[in-house]
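Given next are the chains, with one letter for each unit.
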Amino acid sequence: MSKTPSLLNGENGIELASLEWLSLHHRVKAPERQQILKRFDIREGDRVLDLGCGPGFWVEMLADIVGKSGAVVGADFDEGLIHHAAKTIALSRPDHDIAFKCISFEEVGDMLGTFDVIFFSNCFCYVPDPQELLRRLAVLVRPGGRVIGRNWDGGVFILNPIPEVTLARMQHLLAEVFDTDRAGPYFDNYFGRKLPGTFRRHGFKKVTGETQVIERWGPADADLSAYIKANGAWWEETVSHKLTPTERDEWRRYFDERDERYVCRSEDFYFCMLEAAVTGYV
Ligand SMILES: C[S@@+](CC[C@H](N)C(=O)[O-])C[C@H]1O[C@@H](n2cnc3c(N)ncnc32)[C@H](O)[C@@H]1O
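A brief look at the structure comes next. (Residues numbered from 1 in each chain as written. Predicted model: local features only at pLDDT ≥ 70, side-chain atom pairs only at ≥ 80, totals over all residues.)

A word on the pairing of strand 5 (residues 141-160). In this structure, strand 4 (residues 115-121) lies alongside strand 5, joined through six bridges in parallel fashion. Paired with Ser 121 across the bridge in strand 5 is Arg 150. After leaving strand 4, the chain enters helix 4 (residues 130-139) and then returns to the sheet as strand 5, a path that is right-handed. Here strand 5 runs beside strand 7 (residues 270-281); their pairing, made up of twelve bridges, is antiparallel. (Pairing = 2+ DSSP bridges. Helix = DSSP H or I, 4+ residues; strand = E, 2+ residues; numbered from the N terminus. Right-handed = clockwise from strand over helix to strand, strands pointing away.)

So, in structure tokens, the structure goes:
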């Protein structure tokens, strides 16, 4: 099947990687992102590689942790995102050692230098051979250093008050599309659950991890409403060829602010999803 290019896609056709989407996504989840970074025990003076850095929001937060004595390199193959990151994030911390490089995951082994930490957030889902990538990354980490992988898992997506049967049907269709007939670059919407096994199989000295529950109660503010609506549109677009017109019309009503079924204004609004983080020590 061929898929209509989505407004949420990045420059290289990468799912959910446009500047607009990543910026909105970051604003909505910034509290949990700040929280999880504190638990990674990244220290002042550390040298960190943020691979798949996108617009560089994690680079900014990492730079604040490692301080002026540390260094952060952001790398991504999306030229537009790297350009944006260099223009905004690097300039916002002129006294910090921040650099951005436009390279692909496949080229990362050619980078010079070693890192205390390699951070890889919401990117394993685009990697067809995670073990091969981990082998490349392990070479860039100093002995005793670590690789931190984070990824959402699309298997949990609670959005109340959409009826359970409607949500479950959409979940089923989405899983079916990703399992059987999706076109475009590799994408695993369910990688979060595979992080622990992937890290254990690589043979890191120690593997630790935790999963964050991202939950929001209503009323949804402007950013959260925009995020929820974008998710609804992405689900619809991804499974559109499997939906009946009635199902499509019903689904749209939950994301249309003019409709009485609009979820973001509901007293019963509740949103919940999961993001897993795993650390492997070299
Ligand atoms: C969902 S975004 C995550 C951005 C950021 N790490 C975060 O957590 O918000 C995935 C990023 O991976 C980048 N990416 C995907 N495949 C890549 C590849 N093969 N080489 C380099 N970057 C890649 C995309 O351009 C995008 O910026």
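With that settled, the discussion passes to the site of the ligand. Taken together, 20 residues form the shell around the ligand, and within it Gly 52, Gly 54, Phe 77, Ser 104 and Ser 121 come nearest. Residues that form the shell around the ligand fall into these classes: eleven nonpolar, seven polar and two charged. (Near = placed C-beta within 6 Å. Nonpolar A, V, L, I, M, F, W, Y, C, P; charged D, E, K, R; others polar.)

Next up on the list: helix 3 (residues 79-92). In a regular helix each residue adds 1.5 Å, so 14 residues correspond to 20 Å; helix 3 covers 19 Å between its end C-alpha atoms and thus fits that length. Its axis deflected by about 30° at Ala 86, helix 3 carries its strongest bend there. Residues of helix 3 that are buried include every one of Leu 81, Ile 82, Ala 85, Ile 89 and Ala 90, and no others. Those residues of helix 3 that are buried lie in contact with helix 1 (19-39), helix 2 (57-66), strand 2 (71-76) and strand 3 (97-102). (Expected span 1.5 Å × (residues − 1). Bend = angle between axes of the 7 residues up to and from the residue. Buried ≥ 20, exposed ≤ 12 C-beta atoms within 10 Å, placed from the backbone. Contact = placed C-beta atoms within 7 Å.)

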